[in-house]
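The lines below spell out each chain.
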Amino acid sequence: MRAAMEYIYNGLKAFWGVQNNIKKGLSEAETNLQKSQSQEDFTVNTKIEEVIKYPAFKDFGRLLFPTNKNYYSGDTLGELSLMWYSNINPSKTVEIVNYLKKRADAGETIFYDIYSDEEKLKDPSKKDTGLFFFRGNEGAKTAIIVAGGGFVYVGAMQDSFPHALELSKRGYNAFALIYRPDPQAACEDLARAIAFLYENVDELGIDMQDYSLWGGSAGARVVAWLGSHGTESFGEKRYPRPAAVIMQYTALTDVTGKEPPTFAVVGTSDPIVPYRVMIDRVKRIKANGTDAEIIVFPGLSHGFGLGEGTIAEGWIDKAIEFWVKNMKNH
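In this text the structure is predicted, and so the values were computed from the model without any measurement.

### Thoughts on the side chain of threonine 290
- Mapped onto the secondary structure, threonine 290 falls in the loop between helix 10 (275–287) and strand 10 (292–297).
- What makes threonine 290 buried here is its relative accessible area of 17%.
- Look past the residues within four positions of threonine 290 in its chain and what remains in contact with it is Glu259, Pro260, Pro261 and Ile285.

### Observations concerning the pairing of strand 9 (residues 262–267)
- Extensive coverage of strand 9 is indicated by the burial of 6 of its 6 residues.
- Burial of strand 9 is two-sided: the residues Thr262, Ala264 and Val266 facing one way and the residues Phe263, Val265 and Gly267 facing the other way are all buried.
- Sheet analysis places strand 8 (residues 244–248) next to strand 9, joined by 4 bridges and oriented parallel. When the sheet's bridge partners are listed, isoleucine 246 is paired in strand 9 with phenylalanine 263.
- Relative to strand 10, strand 9 runs parallel, the two being bridged by 6 bridges. By the bridge assignment, valine 266 is partnered in strand 10 with valine 296.
- Taken together, strand 9, helix 10 and strand 10 form a β-α-β motif whose crossover is right-handed.

### Topic: unusual backbone geometry
- You will see that tryptophan 84, though not glycine, has its phi angle at about 75 degrees, which is positive.
- Considering the arrangement of structural elements, one finds tryptophan 84 in the loop between strand 2 (81–82) and helix 3 (90–105).
- Using a relative accessible area of 40% as the deciding quantity, one classes tryptophan 84 as partly exposed.
- A positive phi is found at asparagine 87, a non-glycine position, where the angle reads about 60 degrees.
- Take asparagine 87: it is sitting in the loop between strand 2 and helix 3.

Conventions adopted
- Residues numbered from 1 in each chain as written.
- Predicted model: local features only at pLDDT ≥ 70, side-chain atom pairs only at ≥ 80, totals over all residues.
- Heavy atoms only, no water.
- Helix = DSSP H or I, 4+ residues; strand = E, 2+ residues; numbered from the N terminus.
- Buried < 20%, exposed > 50% of the residue type's maximum accessible area, 1.4 Å probe, protein only.
- Contact = heavy atoms within 4.5 Å.
- Pairing = 2+ DSSP bridges.
- Right-handed = clockwise from strand over helix to strand, strands pointing away.

This is the structure:
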């Protein structure tokens, strides 16, 4: 009996040893696979769904693209198309997601919630909000960019991420806001984002003095409204107004007399925005004694973003010059 028990014991010991080795081997294989995946860059042939579900992007990968899939088409990064937008540059799309991937793989924080878990539980729509951080130099000035999308979706991949990336390359700290696509809610989200950044300047390593607000299409309306009416009009305490508002292709007509310095760009062939409306608004802002400029690009349509490969290419540098000119603490 004793010999039989020893035989069984040794047999089980050997069996579990094999099992543990198998588990160890599988674990090592999984780890190596994850390392291999983290070393591979996304390409124009990468599936959009693969980017959304990339492990390092956690739950916010879904916010890189419109949460309502009815407003974009294409299976891969190279095929991405956004409703109402033109001149989408696939190489820029790939550059953006690889920039974020590299930072996320390194363990850096690239996305910040602007609402607490309790606030999101009370209002589930706030789950689809937040700030993507494109880091510039430590302690550098800050820009907040709000994409368009007709207040039905957020077209960040064309209308805010490219701008944020380019601003970060020039040393500025840039944040792309993902907001609730509703005029009032979007303004509340931007006001909350401004409050969040002011409250966390030390942790983030940013300078909020002379910050700028950038927006395209519907997003341009949001930054203009915040600039004119202030955070105190949208549920937050009063924070300083921006040093400059940078607007792309939106037919906003409101002029309150309290506008910050405003820089605008638009194309003459925009089927959504009559460019003369933007020209008129800039004239009225200037008539109130506020610095304002507009550049009109012949032949350009709506949603040209950075305008790479078009007559508008390089407009962002002129916008930055305008911002710097209107900084009080430069």
